[in-house]
Protein chains: 2
Amino acid sequence: MRIIGVQNFFNKQKEKISRELTRFLGQKQKDLSLVHSLGHDVCDRLMAFVLRGKMMRGGLAALGYSIFKKRIPEVITMGGAALELFQAALLIHDDIMDRDLTRRGADSLFYQYVRLAEKANLKEAFHTGESLGICAGDLGFFLAYELLSAMAIPEKMKSRLNMLFSSELSQVVAAQMSDVYWGADEKAIISEKEIFNLYIYKTGRYTFSLPLMCGAIIARASETQISLLARIGELLGIIFQIKDDELGLFGEEQQTGKPVGSDIKAGKKNLYYYYLFYDKTYPAQEEIFNLFHRQELSTKEIQKIKDAVWELGVQKKIENKLEELAGEAGSLIEGLPKINYQSRQMLYELMNYNLKRTA
Amino acid sequence: MRIIGVQNFFNKQKEKISRELTRFLGQKQKDLSLVHSLGHDVCDRLMAFVLRGKMMRGGLAALGYSIFKKRIPEVITMGGAALELFQAALLIHDDIMDRDLTRRGADSLFYQYVRLAEKANLKEAFHTGESLGICAGDLGFFLAYELLSAMAIPEKMKSRLNMLFSSELSQVVAAQMSDVYWGADEKAIISEKEIFNLYIYKTGRYTFSLPLMCGAIIARASETQISLLARIGELLGIIFQIKDDELGLFGEEQQTGKPVGSDIKAGKKNLYYYYLFYDKTYPAQEEIFNLFHRQELSTKEIQKIKDAVWELGVQKKIENKLEELAGEAGSLIEGLPKINYQSRQMLYELMNYNLKRTA
């Protein structure tokens, strides 16, 4: 059996999902243009936005299926397309909350509307843009659910998926609320458990467990296999998120697409933050603490934080944590019953990608 | 057979739906508090908010069912509860867009979060409140879909309902986008057709057709009956909305809950606006036109607009339009095949309520 690299596999899925999204959004565009020309326009924008994504979630649904069954059917591509629409809608709303003006290498969706409102001389262009952005995100959710409901799978399976998506997405929102709250609370004291909850519910389960489970359910995997995949997904997600925080601190702008120090300026309450400040015995801690949430940071100040991360042993703690998580994930992957060598390899590859990614 | 007045019928449904919402949100509250305490808190707020509604949509789902079958089952109550959660979520987002600080006799949901953020000394309290409000609305959508998926009805019927809800809600959003756009465009020229599209898609189909169809589908009504109900719903919705505009202009604050002249200040592009300005031959029109969008209006200025509505024959045109719509709705109700006397009476009563309501 030929080993397909996980990257090749994802690229191939992305192509298929893109075709499905183009078909579906083109069809909805006809319906929505009957309501108003903005209904036509928003489909163009959603299409352009969703097609610019990496489509990791859609790819993971296919991976979750391919662990158990060989030929990936059309319906998995539809599920993947739904996942990508949900993700697009969440990002559209996130960008309003974070006031992010760019996303996926272009104006973020709400900001496209701000510009449109400015051009048309509308009242309160910024707020009007935000409002149209809220609408565009809501629309993304409804379209995603419509795709889910149109999947040609047994009705009972569809109900289960609908329920699973809804309950996972509810948890994503609850986690997002804590993220918004902490981001606005300059002096928040948060526990390690709260941070891990944020990682599990905002990223882990939603980005990894949900797609993998979705594929596995459609492939009629056993309940044991499905719950093992759910936990593997959580672990992969936590690893992914910790690496995200690391890249936010040490990554180069050309690679990550985020300006150096942006997480510090935003005062992100991540694991680095926790390990830096949970135990204040280091003399320079107070000074470093005051750098968080600052809107202007010099290269020297950023370097000071980086130094502290090393000197206080934070980086070592992070690496130990990553090792521990990878250990648990590895043994769960090893223990997944009745799957072939190739699928196991793909899961390992995915874990290693999460552990080693630099962008 | 005893005739139950439509108001009694709705009150009884509201009681049942309230119990269902209390049960469901209580259960979800347990799940979401595992993520973060804000997940617990938002369920309390959603519960208080949704229970304060009139629950017309939930009642209409029961009415749509009761036209065809006698005993209203639990599952209709669940569908009604889902409708009410969707409506709550849409209102939460609407209030952010319109910057409405009060709703249903209390602080609007996002504004509750603004106050919470102020109290906790969070950064940018207003924006943080809006962000948490966006989250709360999103959560409302996911919870509503979860309720829909949990309904104990044949799976195929459930898929159909899911699809119907999603496509109707997509249209609501497209209509909302045009409403936002026109509201921000002081000098917008809109056609009668565009206004009717707004009425049909933002109010008519969603508030009346969708619930009636939902009930009728579960009662296994024929496809002819379902499409007749859909059209009756559109007509009832247009009537409802035109009366809303009339109350916005002529209603008393104690009865409508809206300050006199608020629609004029907001520059609402409704049928009154269209009939007032589509043909500019009346000498005082320019002066009246300039009163729209003004943030301060004297009683005398409001009176000027009211006078113009009479003098230009706008009120007469509106009444003719209402009569025409009621005529079409009446003959469709008359023609609904195979339904009993009592159900037909309820539909007439509903139409008359929409025609004559003063609050």
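The structure displayed is predicted, hence computed values, not measured ones. (Residues numbered from 1 in each chain as written. Chains lettered and ligands numbered in written order. Predicted model: local features only at pLDDT ≥ 70, side-chain atom pairs only at ≥ 80, totals over all residues. Heavy atoms only, no water.)

Quick look at the confidence of the model for chain A
Phase 1 of the analysis: When pLDDT is averaged along chain A, the result is 92, and 97% of the positions lie at 70 or above.
Phase 2 of the analysis: Interface scoring of the predicted complex returns ipTM 0.94; its pTM is 0.94. (pLDDT = per-residue confidence, 0-100.)

A look at helix α2 (residues 37-51) of chain B
Phase 1 of the analysis: With 15 residues, α2 of chain B extends 22 Å from end C-alpha to end C-alpha; this agrees with the ideal 21 Å at 1.5 Å per step.
Phase 2 of the analysis: What α2 of chain B keeps buried is the set L38, G39, V42, C43, R45, L46, M47, F49 and V50 of chain B.
Phase 3 of the analysis: Contact partners of the buried residues in α2 of chain B: α7 (155-184) of chain A together with α1 (6-33), α4 (74-98), β1 (102-103), α5 (109-119) and α6 (125-150) of chain B. (Helix = DSSP H or I, 4+ residues; strand = E, 2+ residues; numbered from the N terminus. Expected span 1.5 Å × (residues − 1). Buried < 20%, exposed > 50% of the residue type's maximum accessible area, 1.4 Å probe, protein only. Contact = heavy atoms within 4.5 Å.)

Side note on the environment of S66 of chain B
All names here are of chain B.
Phase 1 of the analysis: Residue position: S66 is located in helix α3 (residues 56-66).
Phase 2 of the analysis: Using a relative accessible area of 17% as the deciding quantity, one classes S66 as buried.
Phase 3 of the analysis: Put simply, S66 and Q342 are 276 residues apart on the chain and 9.7 Å apart in space, counted from C-alpha to C-alpha.
Phase 4 of the analysis: Setting aside its immediate chain neighbours within four residues, S66 contacts F9, I72 and S343.
Phase 5 of the analysis: Polar contacts involving the side chain of S66 include one to the main-chain carbonyl oxygen of L63, which spans 3.0 Å. (Polar contact = N/O pair within 3.5 Å; in protein donor to acceptor, adjacent residues only side chain to side chain.)

Structural notes on the pattern of salt bridges
Phase 1 of the analysis: According to the stated counting rule, one finds 40 salt bridges over all chains in the structure shown.
Phase 2 of the analysis: The shortest N-O distance in the salt bridge between E192 of chain A and K321 of chain A comes to 3.9 Å. Remark: K321 of chain A occurs in helix α15 (residues 314-335) and E192 of chain A occurs in helix α8 (residues 192-218); sequence separation between them is 129 residues.
Phase 3 of the analysis: Take E192 of chain A: its relative accessible area is 24%, and that puts it in the partly exposed class.
Phase 4 of the analysis: A salt bridge links E287 of chain B to K304 of chain B; the shortest N-O distance between them is 2.5 Å. Of the two residues, E287 of chain B sits in helix α13 (residues 285-289) while K304 of chain B sits in helix α14 (residues 299-311), which places them 17 residues apart along the sequence. (Salt bridge = Lys/Arg side-chain N within 4 Å of Asp/Glu carboxyl O.)

A look at the interface of chain B and chain A
Phase 1 of the analysis: Tallying the contact residues gives 63 residues for chain B and 63 residues for chain A.
Phase 2 of the analysis: When the two sides are added together, the surface that chain B and chain A hide from each other amounts to roughly 5,700 Å², 69% of it contributed by carbon and sulfur.
Phase 3 of the analysis: In this structure, the connection of chain B to chain A is made through two salt bridges.
Phase 4 of the analysis: A salt bridge links E124 of chain A to R99 of chain B, with the shortest nitrogen-to-oxygen separation between them at 3.2 Å.
Phase 5 of the analysis: Put simply, chain B and chain A have 20 residue pairs in polar contact (both at pLDDT 80 or more) between them. (Buried area = accessible area lost by both parts, 1.4 Å probe.)

Here we look at the relation of the copies chain B and chain A
Phase 1 of the analysis: Note on the copies: chain B fits chain A at an RMSD of 0.0 Å, the axial shift is 0.0 Å, and the rotation between them is 180 degrees. Put plainly, the chains are arranged around a two-fold axis. Minimal C-alpha distance to the rotation axis in chain B is attained by E155 of chain B, lying at 2.6 Å.
Phase 2 of the analysis: With an isologous cut-off of 70% or more, the 100% of interface residues of chain B that recur at the interface of chain A puts this contact in the isologous class. (Least-squares fit on C-alpha atoms with pLDDT ≥ 70 in both.)

A look at the environment of L101 of chain A
All names here are of chain A.
Phase 1 of the analysis: For L101, the position within the fold is in the loop between α4 (74-98) and β1 (102-103).
Phase 2 of the analysis: Under the relative-accessibility criterion, L101 is labelled partly exposed at 33%.
Phase 3 of the analysis: Each C-alpha atom, one on L101 and one on V114, is 9.8 Å from the other, the two residues being 13 residues apart in sequence.
Phase 4 of the analysis: L101 has contacts with A106, D107, S108, F110 and Y111, leaving out every residue within four places of it along the chain.

What about the state of the cysteines?
Phase 1 of the analysis: Under the criterion given, the structure shown has zero disulfides over all chains.
Phase 2 of the analysis: Free cysteine: C135 of chain B, not disulfide-bonded; nearest cysteine sulfur from C43 of chain B at 13 Å. (Disulfide = S-S within 2.5 Å.)

Re the packing of aromatic side chains
Both the distance between ring centres and the angle between the ring planes are used here to describe each pair of aromatic rings.
Residue and element names in this part refer to chain A.
Phase 1 of the analysis: Following the criterion strictly, the structure yields 33 aromatic pairs over all chains and no others.
Phase 2 of the analysis: Judged by centre distance (6.5 Å) and plane angle (35 degrees), the ring pair of F86 and F141 falls under tilted. You can see F86 sitting in helix α4 and its partner F141 sitting in helix α6 (residues 125-149), a full 55 residues away along the chain.
Phase 3 of the analysis: Residue class for F86 comes out buried when judged on its relative accessible area of 0%.
Phase 4 of the analysis: Residue classification places F141 among the buried positions, given a relative accessible area of 0%.
Phase 5 of the analysis: Look at F277 and F289: their rings are 4.9 Å apart centre to centre, the planes differ by 80 degrees, and that puts the pair in the edge-to-face class. (Phe/Tyr/Trp six-rings, centres within 6.5 Å; stacked < 30°, edge-to-face > 60°.)

Things to note about helix α16 (residues 341-356) of chain B
Phase 1 of the analysis: For α16 of chain B, built from 16 residues, the straight-helix expectation of 22 Å at 1.5 Å per residue is met to within 8% by its first-to-last C-alpha distance of 22 Å.
Phase 2 of the analysis: Among the residues of α16 of chain B, Q342, S343, R344, M346, L347, Y348, L350, M351, N354 and L355 of chain B are the ones counted as buried.

Remarks on the side chain of K28 of chain A
Phase 1 of the analysis: Mapped onto the secondary structure, K28 of chain A falls in helix α1 (residues 6-33).
Phase 2 of the analysis: In this structure K28 of chain A comes out as buried when scored by relative accessible area, which is 2%.
Phase 3 of the analysis: Each residue touching K28 of chain A, except ones within four places of it in the same chain, is listed here: C43, L143 and E146 of chain A together with S167 of chain B.

Section: the nonpolar core
Phase 1 of the analysis: Counting residues in each nonpolar core, the largest one holds 280 residues, and the members touching the most others are F86, I218 and L229 of chain A together with F86 and I218 of chain B.
Phase 2 of the analysis: The residues touching I218 of chain B, leaving out its near neighbours within four places in the chain, are Y65, V75, I76, M151, I153, M157 and L161 of chain B. (Core = buried A, V, L, I, M, F, W, Y, C linked by side-chain atoms within 4.5 Å.)

Remarks on the packing of α4 of chain A against α6 of chain B
Phase 1 of the analysis: Look at α4 of chain A against α6 of chain B: their axes get within 9 Å of each other, and the N-to-C directions meet at 160 degrees. In terms of axis orientation, α4 of chain A runs roughly antiparallel to α6 of chain B. For the pair α4 of chain A and α6 of chain B, the sense of crossing is right-handed. Counting all contacts with α4 of chain A, which are made through F86, H93, I96 and M97 of chain A, the residues of α6 of chain B involved are H127, S131, I134, C135, D138 and F142 of chain B.
Phase 2 of the analysis: Here the residues of the contact of α4 of chain A with α6 of chain B are counted per class, giving six nonpolar, three polar and one charged. (Axes fitted to C-alpha atoms, helices over the stretch in contact; angles between N-to-C directions. Parallel < 35°, antiparallel > 145°, perpendicular 65-115°, else oblique. Left-handed = near helix turned anticlockwise from the far one by under 90°. Nonpolar A, V, L, I, M, F, W, Y, C, P; charged D, E, K, R; others polar.)

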